[in-house]
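These are the residues of each chain, in order.
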Amino acid sequence: EVAGRRERRRFYVLAVLAVGSFAQSVVWFTFSSVQDSKVLAYYRGRALPGDISKEGLDAQIHLLLNWGAIFGVLGFPLQSWLLTRPGGLRACVRLGLALVALGSLVRLAPTLAWSWSSSSSSSGPSIFPQWAALVCLHAGQILNAFGGPFVMGCVSRLAVVWFPERERVAATAV
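Residues numbered from 1 in each chain as written. Predicted model: local features only at pLDDT ≥ 70, side-chain atom pairs only at ≥ 80, totals over all residues. Heavy atoms only, no water.

Notes on the overall build of the protein
Heads up, the rule is: Each helix corresponds to a stretch of at least 4 residues labelled H or I by DSSP, and each strand to a stretch of at least 2 residues labelled E; elements are numbered beginning at the N terminus. Every residue pair with non-hydrogen atoms within 4.5 Å of one another is taken to be in contact. Here, Shrake-Rupley sampling with a 1.4 Å probe gives the accessible areas, and only protein chains in the shown set may cover a residue.
A count of helical and extended segments in the protein gives seven helices and zero strands. Mapped from its N terminus to its C terminus, the protein presents α and β elements in the order α-α-α-α-α-α-α. Contacts in the protein between residues at least 24 apart in sequence constitute 79% of all its contacts with a sequence separation of at least 6. Summing over all exposed atoms, the protein offers an accessible surface of approximately 10200 Å²; the carbon and sulfur share of this is 66%.

Now the structure itself:
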């Protein structure tokens, strides 16, 4: 029975890591195919922060995508070092998933504030000014980007630690 529990547990952990890696990728690529009209719809007709021009809007979208590569380069050495420590695999998985979740919440804050302020009876200003919304988008993307190496880079270590040699390729592929 102990072997059966261990068998289920390793596949559960693999599934959690796979879903976390998928979520990190979806959050990172949110802006990869965004049209300008969709960004303007996100701001719901409000003036863009600092009256951003079309070129400025394109630059912001490209920067939102580039945070992944920038912080990936910065995060992989820390992830590699952490994986060599006792309990490092668990710490990497938890840290990566926490950063992805926190980044998603930070990115979601302006949308929730705008939804809340538009549904309230007062017609006062939104809790989040437009410049703060842009800051939240960038901060959330940075947190998600820094979590990327931790959720993506742990898969091979998990396969080596928890799976027999004949199952490692399949575990890594998942």
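Some words on helix α6 (residues 154-162)
Let me state the cut-off plainly: Here the term buried applies to any residue with accessible area under 20% of the maximum for its type, exposed to any over 50%, and partly exposed to those in between, with areas from a 1.4 Å probe on protein chains only. Starting at the helix axis, one direction is taken to each C-beta atom, and the arc is that of these directions.
Inspection of α6 places Cys154, Val155, Leu158 and Ala159 among the buried residues, and these make up the whole buried set. Within α6, the buried residues cover an arc of 140 degrees as seen down the axis, which keeps them to one side.

Topic: the side chain of Asn144
Mapped onto the elements of the fold, Asn144 is located in helix α5 (residues 130-152). Contact partners of Asn144, with chain neighbours within four places excluded, come to Gln24, Val27, Trp28, Leu99, Val100 and Gly103.

Describing the side chain of His138
Topologically, His138 is positioned in helix α5. The contacts of His138, once residues within four sequence positions are left out, are Gln60, Leu63, Leu64 and Trp67.

Focus: the confidence of the model for the protein
Short version of the rule: Every residue gets a pLDDT, meaning the predictor's confidence in that residue, from 0 to 100.
The pLDDT averaged across the protein works out to 78; a share of 73% of its residues lies at or above 70. Across the protein, the secondary-structure element scoring lowest on mean pLDDT is helix α2 (residues 36-42), at 61, and the one scoring highest is α5, at 87. Within the model, the stretch residues 121-125 combines pLDDT values under 50 with one contact to residues more than four positions away or in other chains.

Here we look at the nonpolar core
What counts is decided by this rule: Note on terminology: a nonpolar core comprises buried Ala, Val, Leu, Ile, Met, Phe, Trp, Tyr and Cys residues joined through side-chain atoms within 4.5 Å.
In terms of nonpolar packing, the biggest core is built from 16 residues, with Leu17, Leu89, Cys92 and Cys154 touching the most fellow members. Residue assignment for this core shows that the elements contributing at least two residues are α1 (2-28), α3 (54-83), α4 (88-119), α5 and α6. Every residue in contact with Leu17, bar those within four places of it in the chain, is listed here: Val93, Val151, Cys154, Val155 and Leu158. Judged by nonpolar contacts, the second largest core, of six residues, contains Phe31, Leu65, Leu134 and Leu137.

Description of the packing of aromatic side chains
Our working definition: Between rings of Phe, Tyr and Trp, where Trp is taken as its six-membered ring, a pair exists when centres lie within 6.5 Å; planes separated by under 30 degrees are stacked, by over 60 edge-to-face, and by other angles tilted.
A full pass over the atoms with the stated rule returns five aromatic pairs. Measuring from centroid to centroid gives 5.4 Å for Phe11 and Phe163, while their planes differ by 75 degrees, and the two rings are edge-to-face. Placement of Phe11 in helix α1 and of Phe163 in the loop between α6 and α7 (168-173) is noted, with a sequence separation of 152 residues between them. On the numbers, 6.3 Å between centres and 85 degrees between planes, the contact of Phe71 with Phe146 is edge-to-face. Residue Phe71 is found in helix α3, and its partner Phe146 is found in helix α5; the two are separated by 75 residues along the sequence. We classify Phe146 as partly exposed; its relative accessible area is 23%. Joined through ring pairs, the aromatic side chains of Trp67, Phe71, Phe146 and Phe150 make up one cluster.

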